[in-house]
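Chain residues, written in single-letter form:
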Amino acid sequence: LEIITTGITPHPNGNGAEKLAKSALGAERIVTSRHFVRTKEAMEYLRKERPNLLLVGMETTERSKCYTEVQYPGPGPEQKIDNDDTDNSATMAPGVALFLGN
């Protein structure tokens, strides 16, 4: 699991770190995170490092659907591809990355 933030989004060791630490209750020290100035940089990183990841852009419009009601291809991100009990991202399903608009 890796949290990727972009732009002005608060992130550990950066803008808004104090407020993030207060609401994350220590999770910001455990969960890996990475910050990019621009969304395009984050998408390029994910395309290179996780080529099987489905990138989904989200925006609120009149035609929008609730993200929890959309059928995404492949097994859910919590399902492992094999029966190995290790927590290795290489054995996890490809997953989905959601990009939220402002």
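Residues numbered from 1 in each chain as written. Predicted model: local features only at pLDDT ≥ 70, side-chain atom pairs only at ≥ 80, totals over all residues. Heavy atoms only, no water.

## Side note on the overall build of the protein
Put simply, the rule reads: Labels follow the DSSP assignment, with helices taken as runs of H or I lasting at least four residues and strands as runs of E lasting at least two, numbered in each case from the N terminus. Should any heavy atoms of two residues lie within 4.5 Å, those residues are counted as being in contact. Methods summary: accessible areas were calculated by the Shrake-Rupley approach with a probe of 1.4 Å, and residue burial reflects only the protein chains presented.
Counting its secondary structure elements, the protein contains two helices and four strands. Secondary structure elements of the protein occur, N-terminal to C-terminal, as β-α-β-α-β-β. A separation threshold of at least 6 residues defines the contact pool for the protein, and within that pool the share at least 24 residues apart is 61%. A total accessible area of about 8,400 Å² is found for the protein, and carbon and sulfur atoms account for 52% of it.

## A short note on the pattern of salt bridges
How we decide: Throughout this description, the term salt bridge denotes a Lys or Arg side-chain nitrogen within 4 Å of a carboxyl oxygen of Asp or Glu. Summary of the burial criterion: residues with accessible area below 20% of their type's maximum are buried, those above 50% are exposed, and those between are partly exposed, where the area comes from a 1.4 Å probe applied to protein chains only.
Per the counting criterion, the structure on display carries three salt bridges. Residue Glu 2 is joined to Arg 34 by a salt bridge in which the shortest nitrogen-to-oxygen separation is 2.8 Å. Residue Glu 2 is found in strand β1 (residues 2-6), and its partner Arg 34 is found in strand β2 (residues 32-36); the two are separated by 32 residues along the sequence. What makes Arg 34 partly exposed here is its relative accessible area of 35%. For the salt bridge of Glu 41 with Arg 38, the shortest nitrogen-to-oxygen distance reads 3.9 Å.

## With respect to the side chain of His 11
By secondary structure assignment, the location of His 11 is in the loop between β1 and α1 (17-24). Overall, His 11 belongs to the buried group, its relative accessible area being 13%. The residues touching His 11, leaving out its near neighbours within four places in the chain, are Thr 5, Ala 17, Leu 20 and His 35.

## A word on the nonpolar core
Threshold: Grouping buried Ala, Val, Leu, Ile, Met, Phe, Trp, Tyr and Cys residues that are joined through side-chain atoms within 4.5 Å yields what is termed a nonpolar core.
Phe 36, Ala 42, Tyr 45, Leu 46 and Leu 53 together form the largest nonpolar core, which totals five residues. It is helix α2 (residues 39-49) that contributes the most residues to this core, three residues altogether. Apart from the residues within four sequence positions on either side, Phe 36 is in contact with Ile 4, Thr 5, Thr 6, Gly 7, Glu 41, Ala 42 and Tyr 45.

## Some details on α2
Note the following rule: Working note: the arc is built from the helix axis to C-beta atom directions.
For α2, the full list of buried residues reads Ala 42, Tyr 45 and Leu 46. Projected down its long axis, α2 carries its buried residues within an arc of 95°, all on one side. Those residues of α2 that are exposed and angled more than 90 degrees off the buried face are Lys 40, Arg 47 and Lys 48.

## Notes on the packing of aromatic side chains
Our working definition: Stacked, tilted and edge-to-face are the three classes assigned to paired rings of Phe, Tyr and Trp, where Trp is represented by its six-membered ring and a pair needs centres within 6.5 Å; plane angles under 30 degrees give stacked, over 60 edge-to-face, the rest tilted.
Here the structure, examined in full by the defined rule, presents one aromatic pair. Relative to Tyr 45, the ring of Phe 36 has its centre 5.4 Å away and its plane inclined at 40°; by these criteria the two rings are tilted. Both residues of the pair, Phe 36 and Tyr 45, belong to the buried class.

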